[in-house]
Amino acid sequence: MMDKLIDYFERGEIDKVIALSKGSKDPEIQFFYLAALRYLGEYQIALSFISENQMQLYTNNAPQLIDWHIDILLELDDLDQALNTLKIYETFPYFSLETNELIAKLGDKVQQKRKEKNRQHKFDLFELERRLLCRNVELAFSAVSYMVSNFHEAYIALFKRALLDAPINNVKSIIIFALKELKHNETVQVNKFGKLIKVYPATAPDPFKTKGGAKLIKKMQEVAALDDYNQFSEVADSLITGHAMYIYPLTYEVKDVDGLVDAYLYYIYRALGRVNNVNEYIEEHGLNAETLFAIFTKYQFTYFD
């Protein structure tokens, strides 16, 4: 039986381990059943099994039982129960030096995790604010992601401050999207390119689902279909998405779409090495320089420079 259990476990055939070991009164086999439950992540079932067979398992192999019992509680993030369980094990009979050392080691491990959890809770607001207002895009984005996943009303004040003071424009844009996802139904102010803009996140539009945005995408798709350059579509998608995020919550006006197509084509051609400068582009395509530069200014195309 033991050889079969070992073989099944090593081959990852956990269902067979469960079938062979479930219901056994042999503590050595019971440990295989418990190991299989841990392997499958069935932690609540494992805790119930330990509760029903605790003394028998403890007598057979106290260190193994204690180690796995505490590990299961840590997996469930039940740190208080882990500490209480260790205290209970300290009162059990047949206390060996090995068991004593293990309990002390596990106690330190649980206390460290408690400190880390408490520390994270205490510095969250300060650390999240620091990240939102820093000049590191990855750190700022990680803060927004964390705040959405672990939302708390206290984060709204941080979001509002970042919408005014964050040095990275893309961070302000991603915060609007985050508040939209959270269905925030209160008007907020955004300092975008030196101007205060009022936004209602719950109904803030997708930049490509406005009339102007949809028309722009359609026009760019038509241009891409006629261009046989291998990387045209890839570069175009990257530039347009990046720029739309940069200027958001500003969106495209229908009357500017033709000018926007000209502006995007310049930056796409430049990225592909097909033009050297804007004057060459204007001359080659017979464009009005004043009109093109007006679009550059209105839609903050200096982002690409």
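Bear in mind that the values here come from a model prediction, so they are computed numbers and not experimental data. (Residues numbered from 1 in each chain as written. Predicted model: local features only at pLDDT ≥ 70, side-chain atom pairs only at ≥ 80, totals over all residues. Heavy atoms only, no water.)

A.B. asks: Now, about the pairing of strand β1 (residues 188–192): what can you tell me, with residues and values included?
C.D. replies: Only one face of β1 is covered, namely the face carrying Val188, Val190 and Lys192; the face carrying Gln189 and Asn191 is uncovered. In this structure, β1 lies alongside strand β2 (residues 195–199), joined through 5 bridges in antiparallel fashion. Within the sheet, the bridge partner assigned to valine 190 lies in β2 and is isoleucine 197. Where β1 folds back on β2, the antiparallel hairpin that results is connected by 2 residues, among which phenylalanine 193 adopts a positive phi of roughly 55 degrees. (Buried < 20%, exposed > 50% of the residue type's maximum accessible area, 1.4 Å probe, protein only. Helix = DSSP H or I, 4+ residues; strand = E, 2+ residues; numbered from the N terminus. Pairing = 2+ DSSP bridges.)

A.B. asks: Let's hear about the packing of helix α7 (residues 137–149) against helix α8 (residues 154–165): which residues, and what values?
C.D. replies: One way to put it is that α7 packs onto α8 with a least axis distance of 11 Å and a crossing angle of 150 degrees. One element, α7, and the other, α8, form an angle in the roughly antiparallel class. Here α7 runs over α8; the crossing is left-handed. The residues of α8 that touch α7, namely those facing Val144, Tyr146 and Met147, are Tyr155, Leu158 and Phe159. A breakdown of the residues in the contact of α7 with α8 according to their chemical character gives 6 nonpolar, no polar and no charged. (Axes fitted to C-alpha atoms, helices over the stretch in contact; angles between N-to-C directions. Parallel < 35°, antiparallel > 145°, perpendicular 65-115°, else oblique. Left-handed = near helix turned anticlockwise from the far one by under 90°. Contact = heavy atoms within 4.5 Å. Nonpolar A, V, L, I, M, F, W, Y, C, P; charged D, E, K, R; others polar.)

A.B. asks: Any details on the layout of surface pockets? Residues and values, ideally.
C.D. replies: Space inside the largest pocket adds up to approximately 190 Å³. Along the walls of the largest pocket sit Lys192, Phe193, Lys195, Ile197, Ile247, Leu250, Thr251, Glu253, Lys298, Tyr299 and Gln300, which together make up its complete lining. Split by residue class, the lining of the largest pocket holds 5 nonpolar, 2 polar and 4 charged. (1 Å grid on protein atoms, 1.4 Å probe; cavity = no way out; pocket = protein on both sides within 12 Å on 5 of 7 lines; lining within 4 Å. Points joined across faces, edges and corners; volume = space filled by probe spheres on them.)

A.B. asks: Give a description of the pattern of salt bridges that names residues and reports values.
C.D. replies: A full pass over the atoms with the stated rule returns 16 salt bridges. For lysine 255, the salt bridge is made with glutamate 253, and the minimal N-O distance between the two is 3.8 Å. Using a relative accessible area of 63% as the deciding quantity, one classes lysine 255 as exposed. (Salt bridge = Lys/Arg side-chain N within 4 Å of Asp/Glu carboxyl O.)

A.B. asks: I'd like to hear about helix α3 (residues 27–40), residue by residue, with values.
C.D. replies: Here α3 spans 20 Å end to end across 14 residues, near enough to the 20 Å set by a 1.5 Å rise per residue. In terms of burial, α3 is largely enclosed, as 10 of its 14 residues are buried. Taken together, the buried positions of α3 are Pro27, Ile29, Gln30, Phe31, Phe32, Tyr33, Leu34, Ala35, Ala36 and Leu37. Among the structural elements, α1 (2–10), α2 (14–21) and α4 (43–75) are those in contact with the buried residues of α3. Its side-chain oxygen 2.9 Å from the backbone nitrogen of glutamate 28, aspartate 26 forms the N-cap of α3. (Expected span 1.5 Å × (residues − 1). Polar contact = N/O pair within 3.5 Å; in protein donor to acceptor, adjacent residues only side chain to side chain.)

A.B. asks: Please give an account of the side chain of aspartate 227 that cites residues and values.
C.D. replies: By the element assignment, aspartate 227 lies in the loop between α10 (211–226) and α11 (232–247). For aspartate 227, a relative accessible area of 14% translates into the label buried. Within polar-contact distance, the side chain of aspartate 227 engages the side chain of arginine 274 at 3.1 Å. In this structure aspartate 227 touches Phe232, Tyr269 and Arg274, once residues within four positions along its chain are discounted.

A.B. asks: Please set out the nonpolar core residue by residue, giving values where relevant.
C.D. replies: In this structure, Ile66, Ile70, Tyr89 and Val110 are the most contacted members of the largest nonpolar core, which totals 38 residues. Every element with two or more residues in this core is listed here: α1, α2, α3, α4, α5 (79–90) and α6 (97–132). Ranked by the residues each element gives to this core, the list is headed by α4, at 15 residues. Judged by nonpolar contacts, the second largest core, of 33 residues, contains Ile247, Ala263, Leu292 and Phe304. (Core = buried A, V, L, I, M, F, W, Y, C linked by side-chain atoms within 4.5 Å.)

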